[in-house]
Amino acid sequence: MRAESTLGTEICPTEAGIRPVVWSIAGSDSGGGAGLQADLKALQAFGVHGCTAVAAITAQNSVAVTRMESVSAELLDAQLAALAHDQPPQAIKTGLLGSVDNVHVVCQWVDRLRAQGLPVALVVDPVLGSTTSTSFADDALVQATVQELLPRATLVTPNRAQAERLGLRIGQAYGAGQPSVVITGGDAFEAGGLVSDWLSSPQATGWLSLPRVDTVHHRGTGCTFASTAAAALASGYCVADAVVLAKMATTHALRHAYAPGRGAGQVQALPDFAQHIESLPWLQAQSGAQTAFPDLSNPALGVYAVVDSAAWVRRVLFAGIRTVQLRIKDPTESTLAAQIQESVAAARATPGAQLFINDHWQLALQHGAYGVHLGQEDLEQVDLQALRQAGVRLGLSTHSYWEVARAWALRPSYIACGPIFATQSKEMPWIPQGLDNLRYWAGVLPLPVVGIAGIDGGNVAEVAATGVASAAVISAITKAADPDRACRELMERFR
């Protein structure tokens, strides 16, 4: 999975006032709770510039829809032509289109823009009816949506009822040439009071869950979800991260919903949605999710040395570093077990030492290691319950919103975020996250955060200034002319 954008406190970073442009092609809600009106609020909260093309006009309030008329295909085409001339989009979000002819117009414009070399993301929110049970789509419109619009989509965001009508299924894999699909669960009852959304995308497949927000005011939830996903895609996030952000924004908007009329009220999209840990969803795929691993003996990990031999473990401990990872990548290394055993013994003999074994969790258990550090790819093979029962501390690597959500589900002892800077230690598919993203996660996550990759004596003080618990260092120690001095200088600069 490749991260296509950085993360951070500024969800949509801008340069010289330039913001990504997102077109919303949807229906106008005279009550202000859904449709174009909700789309614009969500786009503004994310920090992109929203443009609108009215595909249908509704007469409605919080109680009922009294009338709906689609605009002519000619008028919709004229709106999109005007926008394309001056404000071409990075993403398009569709909602209520109102007619088969309007579906054709949207498809033509998506094809035209892409033919011009614009990598336009298309998010389809298949609005087939209102929350007050008014139908907006006959069989012909549903068929046109399935046959023409969905094949062009980057992401489709139906709820359970909409997915059934469109022939989309939970658990079905959508491969190359097909859109990513997230089937949201807000319209379905789920035991335990959860709302779970199922995603199939090129980067990840699985369930994202959060506790249901106890409110009857939910108009505009689907619009907010799809618009936030479109804003994220326009800002460079991959689909999996866009969906995590969309769930965060929608959950936060539900918590701030209000009622301007006598019927169901509307959600309120707010720009601080990503700053709250209670809005970060977790993946339900992992067994034992929500059962926390033990806390660290010392959560102020400080300089975290990552080394590849027991001799290096002893050396950095002697130099004063108290957080160490033994990382021997070759599982066929003949001395692997002996080096783990020797490293565990060295750490036990050093007051305050916290030693983590990278990857080799079975040997770590066998030799009584204090902790284990795993990458995302390791989570499919590890026996997490065995680690918990043994009281082993767990650290997890993350590179994106989706991976942090996956790690957060397991409640590890710490989460490592990276790469912070470009690194020569190994080839990585991830672009550097940078200090702003590290500061963001240190502020949001209620557990120790470790910055990793590309950290050395020249930037370790900047890493410490983000508020993280630790800075993981590799080559700045192991390739230093004087490693013992390098350890001392790194510790001093981190302090």
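Quick caveat, the model's predicted, so the values are computed rather than measured.

**Notes on the overall build of the protein chain**
Phase 1: If you tally the helices and strands in the protein chain, you get 16 helices and 18 strands.
Phase 2: The globule rule puts the C-alpha radius of gyration for 495 residues at 23 Å, and the 25 Å found for the protein chain is close to it.
Phase 3: Expressed along its principal axes, the backbone C-alpha trace of the protein chain runs to roughly 75 × 50 × 40 Å.
Phase 4: Across the 495 residues of the protein chain, 57% fall into the buried class.
Phase 5: In the protein chain, of all internal contacts separated by at least 6 residues, the share reaching a separation of at least 24 is 68%.
Phase 6: Computed over 33 positive and 42 negative side-chain charges, the separation of the two mean positions in the protein chain equals 5 Å.

**Notes on the pattern of salt bridges**
Phase 1: For the coordinates displayed, the defined rule picks out 14 salt bridges.
Phase 2: Here K329 makes a salt bridge to D359, at a shortest N to O gap of 2.9 Å. A residue pair is termed long-range when its members are at least 10 positions apart, and K329 in the loop between β12 (323–326) and α9 (336–348) and D359 in the loop between β13 (354–358) and α10 (361–366) qualify at 30 residues.
Phase 3: Residue K329 is classed as partly exposed on the basis of its relative accessible area, which comes to 44%.
Phase 4: Ionic contacts of the salt-bridge type, sharing partners, join the residues D39, K93 and D125 into one network.

**Notes on unusual backbone geometry**
Phase 1: P419 follows G418 through a cis peptide bond whose omega is -5°.
Phase 2: Following the sequence through the fold, P419 ends up in the loop between β16 (414–417) and α13 (434–444).

**A word on empty space enclosed by the protein**
Which parts of space are left empty comes out when a probe the size of a water molecule is rolled across the atoms.
Phase 1: Summed over all chains, the structure comprises four cavities of 30 Å³ or more.
Phase 2: In this model, the largest cavity occupies a volume close to 80 Å³.
Phase 3: The wall of the largest cavity is formed by 13 residues, among which G95, L97, P126, V127 and T145 lie closest to the centre.
Phase 4: Among the elements that make up the lining of the largest cavity, the one with the highest residue count is helix α4 (residues 139–149) (three residues).
Phase 5: Considered class by class, the residues forming the lining of the largest cavity number eight nonpolar, four polar and one charged.

**Topic: the packing of helix α1 (residues 35–46) against helix α6 (residues 221–234)**
Each pair of packed helices can be summarised by the angle the axes make with each other and by the distance between the axes.
Phase 1: Close contact between α1 and α6 brings their axes to 8 Å; oriented N to C, the two are set at 45°. Relative to α6, the element α1 lies oblique. Along this stretch, α1 crosses α6, giving a crossing that reads as right-handed. When α1 is examined against α6, the residues G35, A38, D39, A42, L43 and F46 are found in contact with a partner set consisting of C223, T224, S227, T228, A231 and A232.
Phase 2: Within the contact of α1 with α6, the residues separate by chemical class into seven nonpolar, four polar and one charged.

**A short note on the sheet that holds strand β11 (residues 302–307)**
Phase 1: If you trace the eight strands once around the closed barrel, you get β11-β12-β13-β14-β15-β16-β17-β18, paired in parallel fashion. Averaged over all neighbouring strand pairs, the angle between strand axes comes to 25°, with direction disregarded.
Phase 2: Pairing between β13 and strand β14 (residues 371–374): three bridges, direction parallel. Paired with F356 across the two strands is G371, which belongs to β14.
Phase 3: Across the sheet, α9 is in contact with β12 and β13; its angle to β13 comes to roughly 165°.
Phase 4: Sheet strands in contact with helix α12 (residues 401–409) are β15 (393–398) and β16, and its direction is about 165° off that of β15.

**Thoughts on helix α3 (residues 100–115)**
Phase 1: Spanning 16 residues, α3 covers 23 Å between terminal C-alpha atoms, matching the ideal 22 Å at 1.5 Å per step.
Phase 2: Looking only at α3, the buried set comprises N102, V103, V105, V106, C107, W109, V110 and L113.
Phase 3: A positive backbone phi angle near 90° is found at G117, which sits one or two residues after α3.

**Thoughts on the nonpolar core**
Phase 1: Formed by 100 residues in total, the largest nonpolar core has its most connected members in V316, I321, Y401 and I477.
Phase 2: The dominant element in this core, judged by the number of residues it contributes, is helix α7 (residues 239–255), at nine residues.
Phase 3: Each residue touching V316, except ones within four places of it in the same chain, is listed here: A305, V307, I321, V324, I477 and C487.
Phase 4: Ranked by size, the runner-up nonpolar core spans 38 residues in total, among them A55, L168, I183 and W198.

**Topic: the environment of Q341**
Phase 1: Here Q341 is to be found in helix α9.
Phase 2: C-alpha of Q341 to C-alpha of E164: the two residues are 177 residues apart in sequence and 55 Å apart in space.

Parameters at a glance
- Residues numbered from 1 in each chain as written.
- Predicted model: local features only at pLDDT ≥ 70, side-chain atom pairs only at ≥ 80, totals over all residues.
- Heavy atoms only, no water.
- Helix = DSSP H or I, 4+ residues; strand = E, 2+ residues; numbered from the N terminus.
- Rg over C-alpha atoms; globule rule 2.2 N^0.38 Å.
- Buried < 20%, exposed > 50% of the residue type's maximum accessible area, 1.4 Å probe, protein only.
- Contact = heavy atoms within 4.5 Å.
- Lys, Arg positive; Asp, Glu negative; His and termini not counted.
- Charge placed at Lys NZ, Arg CZ, Asp CG, Glu CD.
- Salt bridge = Lys/Arg side-chain N within 4 Å of Asp/Glu carboxyl O.
- 1 Å grid on protein atoms, 1.4 Å probe; cavity = no way out; pocket = protein on both sides within 12 Å on 5 of 7 lines; lining within 4 Å.
- Points joined across faces, edges and corners; volume = space filled by probe spheres on them.
- Nonpolar A, V, L, I, M, F, W, Y, C, P; charged D, E, K, R; others polar.
- Axes fitted to C-alpha atoms, helices over the stretch in contact; angles between N-to-C directions.
- Parallel < 35°, antiparallel > 145°, perpendicular 65-115°, else oblique.
- Left-handed = near helix turned anticlockwise from the far one by under 90°.
- Pairing = 2+ DSSP bridges.
- Expected span 1.5 Å × (residues − 1).
- Core = buried A, V, L, I, M, F, W, Y, C linked by side-chain atoms within 4.5 Å.

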